[in-house]
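An overview of the molecular structure
Take a look at the letters that make up each chain.
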Amino acid sequence: MMTCHDVIDVLIDYLDQVLTPEVAADLERHLAGCEPCRAYLATYRRTRALGAQAARLEMPDEMKARLRQFLLERVG
Amino acid sequence: MTSDEHGLLKDAAAGDSVALEALMSRYGSRVYRLAYGITRSAADAEEIAQDVFLQLVRKGGAFEGRAAVASWIYRVTTNVALNKRRGKRREVETSLDDCLPAYEADGHRAGSRAFLVADWSARPDAELLYGETRRALDEAIDRLPEHYRAVLILRDVEELSNDEVAASVGDSVSAVKTRLHRARMALREILTRTLGPPA
């Protein structure tokens, strides 16, 4: 029987869908009866998405122009 | 990637400005994102992007076609950014230990019931990505060690596989997964402290 600690340790593999079917089934049985772990999984998954959204930057246009100029001066 | 990217790299290295422009268009923001993610400084990220693209055009002609161009660019960017951060890390980074889950002896998580069951995951982006929560998220990202931020960007933003991230940062897959998991757990914990009931 998995503990909450066991579940959290393998969440990364659970989200990557690389757990063996037996371990995934154990984890899902634990989740069915454990509200804190269900909350943990939901917020862990959302954190992954939020972190990605927060970090999804584009290089600013003026910086692109400076980079282009910098390289053309040295390469062209 | 692909033979056409290898061709672009070699053409750019030979002084072809059209090929250079294509590489910049394809990789400029990816290099900037990773460099900013590691250094958390737009000025440093700009210098790193200049250094990386200069290396691409100077060394791209000798690039071995067996490897993916993207992995090589990510590896060069990571190395340049980590070198730039060397000596600065103590100024802004602290231990993550107090942001990781704590457990009782029986394997249950420690903390108040209200905190443990706090689930803010259904709240809309508009609430989570702006204001106080966004500040908490940015501060939490700042607290991560730079190697952790590198894998977070490569895995969760660029959506590389664990193997590709490991090749890009020069670490084992196991180290990449450990860092990624700890980074996500720390961010989750800090967000829950901001959004949920007291621990």
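Refer to the structure above for everything that follows.
Focus: the side chain of Arg-33 of chain B
Looking at the secondary structure, you find Arg-33 of chain B in helix 2 (residues 17-39). A polar contact is formed between the side chain of Arg-33 of chain B and the backbone oxygen of Leu-57 of chain A, at a distance of 2.7 Å. In contact with Arg-33 of chain B, other than residues within four places in its own chain, are Ala-55, Arg-56, Leu-57 and Glu-58 of chain A together with Ile-153, Val-157 and Glu-158 of chain B.

Comments concerning the packing of helix 5 (residues 61-75) of chain A against helix 2 of chain B
Across the interface, helix 5 of chain A lies against helix 2 of chain B with an axial gap of 11 Å and an inter-helix angle of 135°. Compared by their axis directions, helix 5 of chain A and helix 2 of chain B come out oblique. Relative to helix 2 of chain B, the crossing made by helix 5 of chain A is right-handed. The segment helix 5 of chain A lies against helix 2 of chain B, with Met-63, Lys-64, Leu-67, Arg-68, Leu-71 and Leu-72 of chain A engaging Ser-17, Leu-20, Glu-21, Met-24, Ser-29 and Tyr-32 of chain B. A per-class count over the contact of helix 5 of chain A with helix 2 of chain B returns 7 nonpolar, 2 polar and 3 charged.

Details of the pattern of salt bridges
All names here are of chain B. One pass over the structure, following the stated rule, counts 24 salt bridges over all chains. In this structure, Glu-158 and Arg-33 form a salt bridge, with 2.7 Å as the shortest nitrogen-oxygen distance. Of this pair, Glu-158 sits in the loop between helix 9 (146-157) and helix 10 (162-169) while Arg-33 sits in helix 2, placing them 125 residues apart in sequence. Like Arg-33, Glu-158 is buried. With a closest N to O distance of 3.7 Å, Glu-189 and Arg-193 form a salt bridge. In this pair, Glu-189 and Arg-193 are both assigned in helix 11 (residues 173-195), 4 residues apart and thus about one turn of the helix distant. Glu-189 gets classed as buried once you look at its relative accessible area, which sits at 7%. The class for Arg-193 is partly exposed, based on a relative accessible area of 39%. A network of salt bridges, in which partner residues are shared, links Arg-40, Arg-134, Asp-138 and Asp-142.

The rules behind each value
Residues numbered from 1 in each chain as written. Chains lettered and ligands numbered in written order. Predicted model: local features only at pLDDT ≥ 70, side-chain atom pairs only at ≥ 80, totals over all residues. Heavy atoms only, no water. Helix = DSSP H or I, 4+ residues; strand = E, 2+ residues; numbered from the N terminus. Polar contact = N/O pair within 3.5 Å; in protein donor to acceptor, adjacent residues only side chain to side chain. Contact = heavy atoms within 4.5 Å. Axes fitted to C-alpha atoms, helices over the stretch in contact; angles between N-to-C directions. Parallel < 35°, antiparallel > 145°, perpendicular 65-115°, else oblique. Left-handed = near helix turned anticlockwise from the far one by under 90°. Nonpolar A, V, L, I, M, F, W, Y, C, P; charged D, E, K, R; others polar. Salt bridge = Lys/Arg side-chain N within 4 Å of Asp/Glu carboxyl O. Buried < 20%, exposed > 50% of the residue type's maximum accessible area, 1.4 Å probe, protein only.

By themselves, these figures tell us nothing about what the structure is for.
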